[in-house]
Amino acid sequence: MRRLMFLIIILMLLLPTTVTYATQNTNDLYRKRMELYNKIEALYQIPWYYIAAVDQYERNIRSARKDIPQAKGLTGIYFTKENWAGIINPDSEDTNPYTIPLFGGLGVDGNGDGKADRFNDEDILSAFSNYISQYGMDEDNFKIGLWNYYKRDKTVSIIMGKAAIYKHFGRLNLDDHAFPLPLRSNHSYRSTWGDARGWGGKRIHEGTDIFADYGVPVKATSYGIVEMKGWNNYGGWRIGIRDINNNYHYFAHLSGFSKEIKAGMIVEPGMLIGGVGSSGYGPPGTSGKFPPHLHYGIYKDNGYTEWSYDPYAHLRLWERQEQIRARSKK
């Protein structure tokens, strides 16, 4: 018994230290990235939030795909050997900043060490900034440069959304979340992702249904930008929010929207966006075909396509975190 009590005391002493250490590490990582973005901004006159948005976008898609390696340094931007050294370069591992341009490569020496290293953070961000600066630093030309680099409209839209979020909050640490309904509301939910759905054709349920009383407030779960607001025959009144980690949060069957919410608006965790309802399964205005509930879904984009995944574990985590925060305030 004494041994058990001793272990419990030791764990209680260690836990806060571990949490604090992890928080310090995360904050240090964000600080180093911001220093790097500011340095690149000074060199190329490209706003730091544009560079941060591209960097975060590529970090997100690298974590969602298996055909490109995971990011290991401060930056997430990835260059293939061919893009870095030049597709016709006989030396695919070329690090000479003077010969690389001769073969159409994008690699540059960003830190002044005489090498164009595609694994060096400063060289990587400098190479991308050098490419994009050819189009101009204003928003319209930056978007043109992005399109020519990625050849995908949705990628350009996602990156510009991230840039707007970073610019609005002026910082990189935007990881907090909130449970979509008030903790004290009478709500219930379970994992329903993947269940069969019959209305509108054979399909699966791409989210979790949170049942609650009609009109219960619905909150944004993350920092993000409103990509879509309006009616859908399946989801009724619905809102789509893209967060900084490239997750698309989908809120459907709403009773209505918050007066302030509009497409392109920046939101943060806990911000009121609408109310629980029973809209959908028909033309605009259709409602009451099922009990009031919030359909909450999460989708991930990997640079090619977008797919849904089960949000249940995230909802449970955010609910517990919010409960802990509420207790700590008492």
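Since the model is a prediction, treat every value here as computed from it, not as a measurement.

## Structural notes on the pattern of salt bridges
Consideration 1: Evaluation of the coordinates by the stated rule reveals 13 salt bridges.
Consideration 2: Salt-bridge contacts for lysine 81 lead to glutamate 93; the nearest nitrogen and oxygen are separated by 2.8 Å. Here lysine 81 is found in helix H3 (residues 81-85), whereas its partner glutamate 93 is found in the loop between H3 and helix H4 (121-132), with 12 residues between them in sequence.
Consideration 3: A relative accessible area of 32% means that lysine 81 is categorised as partly exposed.
Consideration 4: A relative accessible area of 45% means that glutamate 93 is categorised as partly exposed.
Consideration 5: Ionic pairing is found between arginine 242 and glutamate 227, a salt bridge with its closest N-O pair at 2.9 Å. Taken as a pair, arginine 242 in strand S7 (residues 236-243) and glutamate 227 in strand S6 (residues 224-232) lie far apart in primary sequence, 15 residues in all.
Consideration 6: Residue classification places glutamate 227 among the partly exposed positions, given a relative accessible area of 33%.
Consideration 7: The structure contains a network of salt bridges with shared partners spanning Asp28, Arg31, Lys32 and Glu35.

## Details of the pairing of strand S8 (residues 247-257)
Consideration 1: Of all the 11 residues making up S8, eight are buried; the element is thus mostly covered by neighbouring parts of the structure.
Consideration 2: Of the pairings in the sheet, the one linking S7 to S8 comprises five bridges and is antiparallel in character. From the neighbouring strand, glycine 240 faces S8, where its bridge partner is tyrosine 250.
Consideration 3: In the sheet, S8 pairs with strand S11 (residues 293-301) via six bridges, with the strands oriented antiparallel. Within S11, the residue paired with asparagine 247 across the bridge is lysine 300.
Consideration 4: Taken together, the three bridges between S8 and strand S10 (residues 272-276) define a ladder with antiparallel strand orientation. The residue bridging glycine 256 from the neighbouring strand is glycine 275, located in S10.

## Re the nonpolar core
Consideration 1: One finds Phe128, Leu146 and Tyr166 to be the most contacted residues of the largest nonpolar core, which totals 47 residues.
Consideration 2: Counting residues per element, this core draws most heavily on helix H2 (residues 48-64), at nine residues.
Consideration 3: The residues contacting phenylalanine 128, other than those within four sequence positions of it, are Val54, Ile77, Phe79, Leu146, Tyr149 and Tyr150.

## With respect to the environment of glutamate 227
Consideration 1: Once the C-alpha coordinates of glutamate 227 and arginine 171 are considered, the two residues, 56 residues apart in sequence, prove to be 21 Å apart.
Consideration 2: Polar contacts involving the side chain of glutamate 227 include one to the side chain of arginine 242, which spans 2.9 Å.

Conventions used here
Residues numbered from 1 in each chain as written. Predicted model: local features only at pLDDT ≥ 70, side-chain atom pairs only at ≥ 80, totals over all residues. Heavy atoms only, no water. Salt bridge = Lys/Arg side-chain N within 4 Å of Asp/Glu carboxyl O. Helix = DSSP H or I, 4+ residues; strand = E, 2+ residues; numbered from the N terminus. Buried < 20%, exposed > 50% of the residue type's maximum accessible area, 1.4 Å probe, protein only. Pairing = 2+ DSSP bridges. Core = buried A, V, L, I, M, F, W, Y, C linked by side-chain atoms within 4.5 Å. Contact = heavy atoms within 4.5 Å. Polar contact = N/O pair within 3.5 Å; in protein donor to acceptor, adjacent residues only side chain to side chain.

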